[in-house]
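Results of the structural survey
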Amino acid sequence: MNKKTKVLIVDDSALVRQALQQLFATDSSIEIVGSAGDPFAAAEIMKRIVPDVITLDIEMPKMDGLTFLRKLMTQHPIPVVICSTLTEQGSDAYMKALEYGAVDVITKPKIGTKQFFEESSIRVCDVVKAAAMTRPRKLSARPMTVQPKLSADAVLPKSRPRTTTLQTTEKVILVGASTGGTEAIQSFLQSMPLDSPGIAIVQHMPEKFTAAFASRLDTICRITVKEARDGDSILRGQALIAPGNKHMLIKRSGARYYVEIKDGPLVSRHRPSVDVLFRSGASSAGKNAVGVIMTGMGDDGAKGMKEMHDAGTYCIAQDEASCVVFGMPQEAIKLGGVDKIMPLRNIPGAVVNYCNR
């Protein structure tokens, strides 16, 4: 029998705690070991049982979530998933939480349609189970069956790479990541030169948080980083981050590549989906693309990378040692869609060298 993931919920709202309990109840592999209204109550629970994962609110009485997170990570690191509202202030706090060691973020559950509940359940449960597989760093000083797991067919029909369009030598870099990907993407982009080929990235992240993520990266990278908008051109020296809760595809018009942002169902349990981005890359870029699949739980991007590989794309997978969760890269490797497996630190150089051939 597989071990259950023990979760401690920490939120000052009784309604939010109840909603999270209802979401976790949809997955028989998750066990709720406690529910606390503030960090002090959480600490008392942790004296009796140590959870595998903590879901943590940011704004709470007695001690705010960021202070509690920092104390936790300096004394007894436990995987933490931030449960936050979608406000600009919350987005800034989320970026700070990442610096303190939080694994991921989920949005606070709210009353909605049946589809909303189903999609929220999938997202929340997957994030928590992925977090339980991570190894948090110490700071110094029952599975869902309500909704089928859709492939990229649900958003973009599979087609052969175009061979009769205007030829172009312009390269495009396509990147996909999930759990642990925020740090991996930051490391990757900070190493890219000013004249790097245009980059399109799917990182599993809720809506509005992707804007804060892109904005922060833009301040610390030499290249320009922005949240993608429908119709944005893929330009040299620029990286486009797929907006949360939207799929992103690349398209080609003549010699120009651009992105299309669109709605659609969850694909490979995600929106945005790496499989959708990679399938579009196979169709629109083929040999002119470089694909990179990074750390993350599950298999999103594996089939899409195999399609890119078969279309002539040079494909790289992050190795197990440098991944927080070796899920997505491992699945891509199993399908035979990867040309090279390498540590995160070596990927930027390998991408640039290939593009400069």
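Please refer to the structure placed before this passage.
Remember, predicted model here, so these are calculated numbers, not experimental data.

Attention shifts here to the pattern of salt bridges. Scanning the model with the defined rule gives 18 salt bridges in all. Between K96 and E99 there is a salt bridge, with its nearest N and O atoms 3.5 Å apart. Of this pair, K96 and E99 both sit in helix α4 (residues 88–100), separated by three residues, roughly a single helical turn. The salt bridge partner of D104 is R123, with a shortest N-O separation of 3.6 Å. Highlighted residues: D104 in strand β5 (residues 104–107) and R123 in helix α5 (residues 114–132), separated in sequence by 19 residues. According to the relative accessible area criterion, D104 is buried, its value standing at 5%. It is possible to trace a salt-bridge network through shared partners that takes in K3, K6 and D52.

This part takes up the sheet that holds β5. Judged by pairing direction, the sheet is parallel, and its five strands sit side by side in the order β2-β1-β3-β4-β5 without closing on themselves. One side of each edge strand has no neighbouring strand; the edge strands of this open sheet are β2 (30–36) and β5. Between one strand and the next, the sheet's axes are offset by a mean angle of 25 degrees, whatever the strand orientation. Where strand β1 (residues 5–10) meets β2, six bridges bridge the pair, whose relative direction is parallel. Paired with I9 across the two strands is S35, which belongs to β2. In the packing of helix α2 (residues 39–48) onto the sheet, contacts are made with β1, β2 and β3 (53–56), and the angle to β2 comes to roughly 130 degrees.

How each quantity is defined
- Residue positions are given per chain, counting from 1 as you read along its sequence in written order.
- This being a predicted model, a pLDDT of at least 70 is required before a residue's local features are given, and a value of 80 or more before pairs of side-chain atoms are given or counted; all residues contribute to the totals for chains, interfaces and linings.
- Side-chain calculation: all heavy atoms of the structure are included, whereas hydrogens and water are not.
- Here, a salt bridge means any Lys or Arg side-chain nitrogen found within 4 Å of an Asp or Glu carboxyl oxygen.
- Only DSSP runs of H or I with at least four residues qualify as helices, and only runs of E with at least two residues qualify as strands; both kinds are numbered from the N terminus onward.
- Only protein chains enter the accessibility calculation, which uses a 1.4 Å probe. A residue is then buried if its area is under 20% of the maximum for its type, exposed if over 50%, and partly exposed in between.
- A pair of strands is considered paired only if DSSP assigns at least 2 bridges between the two.
- Between the N-to-C directions of two axes lies an angle of 0 to 180 degrees, each axis being a line fitted to C-alpha atoms and, for a helix, fitted only over the stretch in contact.
- Contact definition: two residues touch when any of their heavy atoms are within 4.5 Å.

By themselves, these figures tell us nothing about what the structure is for.
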